[in-house]
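# Structural description and commentary
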Amino acid sequence: MRIKEKFSWVLSLSFVLVLCISIFAFLDFLMHLLNKPRDILISNWNHTIPFYERIDNPGKLELAGHFRIDENNLKKDLAIVFQKAIVNRLEIYVNDKFINAFGDAKSGNLWPSAIVQELPKEVLKEKNTLKLVIYGTVGYGISYSPYITDVNIARKTAYWITLLRNNIALIAIGSAIIIAYILLFTYSFVDFSDRKVYLNIGYSMFFTILSLIQFVYRETSGNQFIYLMLEKLSTISPLFGITFIYFGLNSLVKREIKLFWKNVLIFTPILLTIPIFSFNRISMYNNLVSLVELYSFLMVFLTLFLIVRYQMKEYYFPILFLTITALQTLYVLVNQLPGELMLVYGRIVFSIYIGTLTIKKFKNVSEVKRVLEQENLIDKLTGAYNRKIIEYINPEGILVILDLDNFKEINDIYGHIHGDNMLKRFADIVKKNIRNSEDYFIRLGGDEFCIITKSADVKSMMERIYNASRNELGLGFSYGFAHFKNFDEAYAQADKVMYEMKERRRREKL
């Protein structure tokens, strides 16, 4: 690689990297700003807050904290805000009085939505005790310190947190579904060599949808078995998703993966999936989750290495941003931290970006196909179809054969340039008098044309064309028509009728 090219490549990669880090930092800052405790803080907890713990068996944990409310605030409508509760069920007690409960101990999933609970004025006093009983199946935790504020402020804050953490996942799922549909729709239009790319990216979109299920709020899923199945599905799906992305990008650069490594990349996710779905012991599941996360991290870096090595510039942004969010998510999960999981943003950016590239590529393919079709199917002189179009037309409607009167004499007297101009003008007249969306106007050769139409009144249509041609060009024609079921048969019948008209007009002139 020459020095100038290498410098340009490094500059391009550096710019995209800075852009990705900037966007990530902005989103991370925005989420932390929204989740920041404010107004009346709860302190002196009996457990470290915030926290997250994986557990070997379904269980519960009691948390207790204290807060003070001054006389002015006691008169206001107050609510407690839980920015992020990673639990199946949350019970709230204030001053030993039960206030409310959210979720279900066995099958609920309160993450990732923010929770707001209005506090009854009658239970509040200057010094208060807050008790939380949280339940979890594979783990539980409270992200960020809960706080108490005006109920309207609490609801607005919860709305924005839910929008940026939870509803964004719905957007990601929706975009992945749309992209998968586009890939499916365009699959048959692309070259055979590109189909592997589309197929692998389509598979990755499918697994992206599955992986985002846990980002969607559901208070209860019915029973613990379904809850665990969805939990496991969202754990293993990203592994397949990134693997298919890697395969797709290899296909894009026409790089063949050695059979041994291809088998490794295919069977490793399968070998990890089998025990995850087979073992019901949660302790075993938690251990396997760590292994899956590390392997997913490895696949992300392999993909990143691939696009950098082959200078796939159009993929720098989505893959780099996905890598950054994957690193952050892996760090949070491995260290069992209660922070935000930014991977959902990486997935939505990747889905939308890949979809944009797909649409752009399909548009280019369609344009090339349109040009080729015009070159092959459109008569350059008149703009009518040439006879090749007949192969693509369903055999139905009426076939009309037209033959211009004495056109050879026009060419002989006035020359071929004048004759060509007459053909163009005649074609324009015909196009104005047929239904462009349903009828086909075809130049069969020389001054012989045909129309394939579904018009219920062919004679009236032909009379309009004839009168317009006579008035504007002084040019008449003979025609014949027949039902179009088979072109050769219909042509023979229509041609016979046309020559009968020619003969009849010749006799009339005598």
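Cut-offs used in this document
Residues numbered from 1 in each chain as written. Predicted model: local features only at pLDDT ≥ 70, side-chain atom pairs only at ≥ 80, totals over all residues. Heavy atoms only, no water. Pairing = 2+ DSSP bridges. Helix = DSSP H or I, 4+ residues; strand = E, 2+ residues; numbered from the N terminus. Axes fitted to C-alpha atoms, helices over the stretch in contact; angles between N-to-C directions. Expected span 1.5 Å × (residues − 1). Parallel < 35°, antiparallel > 145°, perpendicular 65-115°, else oblique. Left-handed = near helix turned anticlockwise from the far one by under 90°. Contact = heavy atoms within 4.5 Å. Nonpolar A, V, L, I, M, F, W, Y, C, P; charged D, E, K, R; others polar. Patch = residues over 30% accessible without salt bridge, like charges linked within 9 Å, V, L, I, M, F, W, Y side chains within 5 Å. Areas by Shrake-Rupley, 256 points an atom, 1.4 Å probe, with all protein chains shown as cover. Salt bridge = Lys/Arg side-chain N within 4 Å of Asp/Glu carboxyl O. Buried < 20%, exposed > 50% of the residue type's maximum accessible area, 1.4 Å probe, protein only. Phe/Tyr/Trp six-rings, centres within 6.5 Å; stacked < 30°, edge-to-face > 60°. Core = buried A, V, L, I, M, F, W, Y, C linked by side-chain atoms within 4.5 Å.

This paragraph deals with the sheet that holds strand E9 (residues 127–136). One open sheet holds the four strands; their spatial order is E3-E9-E6-E7, and the pairing between them is antiparallel. Pairing within the sheet leaves two strands with one partner each, and these edge strands are strand E3 (59–68) and strand E7 (97–103). Across the sheet, the mean angle from the axis of one strand to that of its neighbour is 15 degrees, orientation sign disregarded. Sheet topology note: the strand E6 (residues 89–94)/E9 ladder contains six bridges and is antiparallel. Opposite Tyr93, over in E9, you have Lys131 as the bridge partner.

With that settled, consider unusual backbone geometry. Trans is the common state for peptide bonds, and a negative phi is the common state for residues other than glycine. In this structure, the amide linkage connecting Ile49 to the following residue, Pro50, adopts the cis form with an omega of 5 degrees. Along the chain, the position of Pro50 falls in the loop between strand E1 (40–41) and strand E2 (51–54). Of note, the bond from Trp111 into Pro112 is cis; its omega dihedral lies within 30 degrees of zero at 15 degrees. Residues other than glycine seldom take positive phi values, yet Tyr144 does so here, at roughly 70 degrees.

To continue, consider helix H7 (residues 282–309). Along its 28 residues, H7 runs 40 Å from first to last C-alpha, staying within 8% of the 40 Å computed at 1.5 Å per residue. Just past H7, the residue Gln311 takes up positive phi, approximately 50 degrees.

Another point: the packing of helix H11 (residues 416–432) against helix H12 (residues 458–473). As a packed pair, H11 and H12 sit with axes 10 Å apart at the nearest point and diverge in direction by 140 degrees. Put simply, H11 runs oblique to H12. Considering only the axes of H11 and H12, their crossing is right-handed. Across from Met422, Arg425, Phe426, Ile429 and Val430 in H11, the residues of H12 making contact are Ile465, Ala468, Ser469, Glu472 and Leu473. Broken down by class, the residue content of the contact of H11 with H12 amounts to seven nonpolar, one polar and two charged.

Here we come to the sheet that holds strand E15 (residues 448–453). Taken in spatial order, the five strands make up an open sheet running E12-E14-E15-E13-E16, and their pairing is mixed. In this open sheet, the two edge strands, each paired with only one partner strand, are strand E12 (385–386) and strand E16 (477–483). Where strand E13 (residues 398–404) lies against E16, seven bridges are found, and the strand directions are antiparallel. Residue pairing across strands places Leu399 opposite Ala482, the latter belonging to E16. On the sheet, H12 packs against E13, E15 and E16 and is oriented at approximately 165 degrees with respect to E16.

Moving on, we get to the packing of helix H6 (residues 259–278) against H7. Interhelical geometry of H6 versus H7 gives an angle of 160 degrees and a closest axis separation of 10 Å. Taken together, the axis directions place H6 and H7 in an arrangement best described as roughly antiparallel. For the crossing formed where H6 meets H7, the hand is left-handed. Taken together, the residues of H7 that come into contact with H6 (itself represented by Val264, Leu265, Thr268, Pro269, Leu272, Pro275 and Ile276) are Tyr285, Leu288, Leu291, Val292, Tyr295 and Met299. Residue composition of the contact of H6 with H7, grouped by class: twelve nonpolar, one polar and no charged.

Below, the discussion takes up a nonpolar patch on the surface. A cluster of nonpolar side chains, contributed by Ile266, Phe267, Ile270, Leu271 and Ile274, occupies part of the molecular surface with about 440 Å² of accessible area. Checked against the element boundaries, Ile270 lands in helix H6. Here Ile270 falls in the partly exposed class, since its relative accessible area comes to 32%.

Below, the discussion takes up the environment of Ser211. On the secondary structure map, Ser211 appears in helix H4 (residues 192–211). On the basis of relative accessibility, which here comes to 2%, the residue Ser211 falls in the buried class. Sequence-wise, Ser211 and Leu228 are 17 residues apart; in three dimensions their C-alpha atoms are separated by 14 Å. For Ser211, the residues in contact, after removing those within four places along its chain, are Ser234, Ser237, Pro238 and Arg347.

Take the packing of aromatic side chains next. Evaluation of the coordinates by the stated rule reveals 18 aromatic pairs. Plain terms: the ring middles of Phe206 and Phe207 are 5.3 Å apart, the flat faces sit at 75 degrees to each other, and that makes the pair edge-to-face. A relative accessible area of 45% means that Phe206 is categorised as partly exposed. On the basis of an interplanar angle of 10 degrees and a centroid distance of 5.9 Å, the ring pair of Phe207 and Phe244 is categorised as stacked. Placement of Phe207 in helix H4 and of Phe244 in helix H5 (residues 224–252) is noted, with a sequence separation of 37 residues between them.

Counting residues in hydrophobic clusters, the biggest one holds 79 residues, and the most contacted among them are Leu249, Ile307, Tyr315, Ile319 and Tyr345. Sorting the residues of this core by element identifies helix H1 (3–35), helix H3 (151–187), H4, H5, H6, H7, helix H8 (316–334) and helix H9 (343–377) as the ones contributing at least two each. Residue contacts for Ile307: discarding those within four places in its chain leaves Leu249, Met312, Tyr315, Tyr316 and Ile319. Leu61, Phe82, Leu132 and Ile142 belong to the second-largest nonpolar core, a separate cluster that totals 31 residues.

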